[in-house]
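# Observations on the model geometry
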Amino acid sequence: MKKLAATIFFDALILMLLGLVLVMSASTTYSVFKFESVFYLFNSHLGKVGLGFLCMVIFSAIPYEYYKEFAKPIIILTAIVLVITLIVAPSYKGAARWLNLGFISFQPADAAKLALIIYLAAFIEDRGEQLKDFKEGIMVALGWTLLIAVLILIQPNFSNAALILVLSLTILLIGGARIKHILLSGSLLAAMALGSVMIFFSHARTRILSYIEGYFFGGELHLQIKQALFGLGSGGIWGIGLGNSKQSNLFLPEAYGDFIFAVLGEELGLAGALAVLLSYLILFIAGILVAKKAKDRFGQLLAFGITFSIIIYAFINISVATGLIPITGLPLPFISYGGTSVLFHGISIGMIINVALTNAKKDQQNLTPKYVVTGENEYRK
């Protein structure tokens, strides 16, 4: 387990460092244009990565069992913060998603995802076989899941709300819920989500319809997807070199954020893109192995939930950058510019590392002999 912990730590660290290099490359032109400083966005991101790394180290030393004791208060507090966000958060690009804490702008949706993982892991361990009962098990868990998802949805933040539903249903399925209950709940929630998008959320509806029209009916591709594909295609096998991206010169909007994978493919080519995909795969395998080897149900589900959430974020972001799905606005874990995402991914990795280290100590204690021979027929405990 110690080797798995080291693998996860260094894998996440490498992705963070790569993110620093790519953000610096992708943000310089915009920084000069917007803030009249070449390193404005890079310096901001550097501080956030440093804080994320510090959180990773700190949370790797906090026993993960503590979170189980406070799972219910954590999810209640999360719901309260999300309500406050809807009331006081300023609108930015038509959405109220950020709370300004003075020293950092905080996006509660990222905290809500982690809080929900902790709550579901504790809930499943506590309920045990009751989880197979729809009314006493999965219905209670889905109640909290739906509350958090709806509070995020009406910000509006459809992509994070949908991701939270997928994540929660997957954790419940892994935790022992009946497949028929998951399929029934998933189908109903998917229909509700799609209906709400088509009726109430015009920006998400426009993205979906324009994507369908562009790919299946000969319509114009979205500007960001088109420019991202230009960047990825021009990178070739080995890329055009770090710092030489053309798309980051204001051709690709949000090049340093949600579409940074396109800059990665342009500068480091197919080889660099595959290396990053391999890094995420290693992180996924190591996280799953930690979950599998954990001695308690809470540790297993906590490690699995965090690992799955990171990988699905990466998968969706890369799928958007390569034009496989409509634009979602989700960052690339550890690499994209942004404070809250880097911070909570650092915290999440620290938690997985602690699950690995704590269970490694338990394994070592079980292997230590309780009695040793001190004489011919004498034993000492």
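### Regarding the overall build of the chain
- A count of helices and strands for the chain gives 13 helices and four strands.
- Relative to the compact-globule value of 21 Å for 381 residues, the chain shows a C-alpha radius of gyration of 22 Å, a close match.
- Its C-alpha atoms give the chain principal-axis dimensions of about 85 × 50 × 40 Å.
- Here the chain holds 381 residues, and the buried ones make up 49% of them.
- A fraction of 73% describes how many contacts in the chain between residues 6 or more apart in sequence connect residues 24 or more apart.
- When the accessible surface of the chain is summed, it comes to about 18200 Å², and 68% of that surface belongs to carbon and sulfur atoms.
- Between the mean site of the 27 positive side-chain charges and the mean site of the 20 negative ones, the chain shows a separation of 3 Å.

### Describing a nonpolar patch on the surface
- A cluster of nonpolar residues, Ile76, Leu77, Ile80, Val83, Ile84, Ile87 and Val88, forms a patch on the protein surface that exposes about 630 Å² of accessible area.
- When you line up the elements, Ile76 lands in helix α4 (residues 71–88).
- Classification of Ile76 as partly exposed rests on a relative accessible area of 37%.

### Some words on the pattern of salt bridges
- Considering all chains together, one arrives at three salt bridges under this definition.
- The partner of Glu125 in a salt bridge is Lys68, and the shortest N-O contact between them spans 3.0 Å. In this pair, Glu125 is assigned in helix α5 (residues 108–127) and Lys68 in helix α3 (residues 65–69), connecting sequence segments 57 residues apart.
- Residue class for Glu125 comes out partly exposed when judged on its relative accessible area of 26%.
- On the basis of relative accessibility, which here comes to 30%, the residue Lys68 falls in the partly exposed class.
- Across the salt bridge formed by Arg127 and Asp126, the nearest N and O atoms sit 3.9 Å from each other.
- The exposure class of Arg127 is partly exposed, given its relative accessible area of 22%.

### A word on the packing of α4 against helix α6 (residues 134–153)
- The interhelical angle for the contact between α4 and α6, taken along N-to-C directions, is 20 degrees, at an axis separation of 9 Å. Taken together, the axes of α4 and α6 are roughly parallel relative to one another. Here the hand of the crossing between α4 and α6 comes out left-handed. Judged by residue contacts, Lys72, Ile75, Ile76, Thr78, Ala79, Leu82, Val83 and Leu86 of α4 engage Trp144, Leu147, Ile148, Leu151 and Ile152 from α6.

### Considerations on empty space enclosed by the protein
- For the coordinates displayed, the defined rule picks out two cavities of 30 Å³ or more.
- The calculated volume of the largest cavity comes to roughly 40 Å³.
- Per-element tally for the lining of the largest cavity: the top contributor is helix α9 (residues 202–216), with three residues.
- Looking at the lining of the largest cavity residue by residue, the classes come out as four nonpolar, two polar and one charged.
- Space inside the second largest cavity adds up to approximately 30 Å³.

Basis of the calculations
Residues numbered from 1 in each chain as written. Predicted model: local features only at pLDDT ≥ 70, side-chain atom pairs only at ≥ 80, totals over all residues. Heavy atoms only, no water. Helix = DSSP H or I, 4+ residues; strand = E, 2+ residues; numbered from the N terminus. Rg over C-alpha atoms; globule rule 2.2 N^0.38 Å. Buried < 20%, exposed > 50% of the residue type's maximum accessible area, 1.4 Å probe, protein only. Contact = heavy atoms within 4.5 Å. Areas by Shrake-Rupley, 256 points an atom, 1.4 Å probe, with all protein chains shown as cover. Lys, Arg positive; Asp, Glu negative; His and termini not counted. Charge placed at Lys NZ, Arg CZ, Asp CG, Glu CD. Patch = residues over 30% accessible without salt bridge, like charges linked within 9 Å, V, L, I, M, F, W, Y side chains within 5 Å. Salt bridge = Lys/Arg side-chain N within 4 Å of Asp/Glu carboxyl O. Axes fitted to C-alpha atoms, helices over the stretch in contact; angles between N-to-C directions. Parallel < 35°, antiparallel > 145°, perpendicular 65-115°, else oblique. Left-handed = near helix turned anticlockwise from the far one by under 90°. 1 Å grid on protein atoms, 1.4 Å probe; cavity = no way out; pocket = protein on both sides within 12 Å on 5 of 7 lines; lining within 4 Å. Points joined across faces, edges and corners; volume = space filled by probe spheres on them. Nonpolar A, V, L, I, M, F, W, Y, C, P; charged D, E, K, R; others polar.

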